[in-house]
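# Inside the fold
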Amino acid sequence: MGSVIRAVEIGIPIDKAWSLLRDFGAAADLFPDVLSGCEVSGDTRTVTFRNGATVVERLVTVDDQHHRVAY
């Protein structure tokens, strides 16, 4: 499987952003306007959108060197 790595400026220090984004179970906390819940079980999470839709996502890897989460 190929990967694309892209750098984006976001206006906060990378250490702060990465500490929030690398937490696979914190999706609802990071995106409260879009998500109403996030439940983690092992390497999968179920995110619930504000409209009631749900999506199950499997964690593939967390890459601290490239600040990348694949799921």
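Residues numbered from 1 in each chain as written. Predicted model: local features only at pLDDT ≥ 70, side-chain atom pairs only at ≥ 80, totals over all residues. Heavy atoms only, no water.

## Quick word on the overall build of the protein chain
The cut-off we apply is this: Strands are runs of DSSP state E lasting at least 2 residues, helices are runs of H or I lasting at least 4, and numbering of each runs from the N terminus. Relative accessible area decides the class of each residue, using a 1.4 Å probe on protein chains only: under 20% of the type maximum gives buried, over 50% gives exposed, and in between gives partly exposed. We call two residues in contact when some of their heavy atoms are within 4.5 Å. Only the protein chains shown count as cover for residues, and all accessible areas are computed by the Shrake-Rupley method using a 1.4 Å probe. Charged residues are defined narrowly, with Lys and Arg counted positive, Asp and Glu counted negative, and His plus the chain ends left uncounted. To locate a charge, the coordinates of NZ of Lys, CZ of Arg, CG of Asp or CD of Glu are taken.
Scanning the protein chain from N- to C-terminus turns up 2 helices and 5 strands. Starting at the N terminus and ending at the C terminus, the protein chain contains elements arranged as α-α-β-β-β-β-β. Counting over 71 residues, the protein chain shows a buried share of 18%. Here the analysis covers contacts within the protein chain between residues at least 6 apart in sequence; of these, 21% occur between residues at least 24 apart. Here the protein chain has roughly 5500 Å² of accessible surface; of this, 51% comes from carbon and sulfur atoms. Positive and negative side-chain charges of the protein chain, numbering 7 and 10 respectively, have mean locations separated by a distance of 4 Å.

## Focus: the pairing of strand 1 (residues 35-41)
Note the cut-off: Two strands qualify as a pair provided DSSP detects at least 2 bridges between them.
Note that strand 1 and strand 2 (residues 44-49) share 6 bridges and pair antiparallel. The residue bridging Val40 from the neighbouring strand is Arg45, located in strand 2. Between strand 1 and strand 2, which pair antiparallel one after the other, the connecting turn spans 2 residues, and Gly42 there sits at a positive phi close to 65 degrees.

## Let's talk about the environment of Arg6
Among the structural elements, Arg6 can be located in the segment before helix 1 (14-21). Here Arg6 falls in the exposed class, since its relative accessible area comes to 72%. Put simply, Arg6 and Phe49 are 43 residues apart on the chain and 26 Å apart in space, counted from C-alpha to C-alpha.

## Side note on the side chain of Glu57
Heads up, the rule is: Here a polar contact means two N or O atoms within 3.5 Å. Within protein one must be a hydrogen donor candidate and the other an acceptor candidate, and residues neighboring in sequence count only if both atoms are side-chain atoms.
Position of Glu57 among the secondary structure elements: in strand 3 (residues 54-58). One polar contact links Glu57 to Arg45, side chain to side chain, over a distance of 2.6 Å. For Glu57, the contacting residues outside a window of four places in its chain are Phe24, Asp43, Thr44, Arg45, Val47 and Tyr71.

## Quick notes on the pattern of salt bridges
Should their charged atoms come close, side chains of opposite charge can pair. As a reminder of what qualifies: Criterion for a salt bridge: a side-chain nitrogen of Lys or Arg within 4 Å of a carboxyl oxygen of Asp or Glu.
Taken as a whole, this structure holds 2 salt bridges when the rule is applied. Between Arg22 and Asp64 there is a salt bridge, with the nearest N and O atoms lying 2.9 Å from each other. Of this pair, Arg22 sits in the loop between helix 1 and helix 2 (27-30) while Asp64 sits in the loop between strand 4 (61-63) and strand 5 (68-70), and the two are 42 residues apart along the sequence. According to the relative accessible area criterion, Arg22 is partly exposed, its value standing at 34%.

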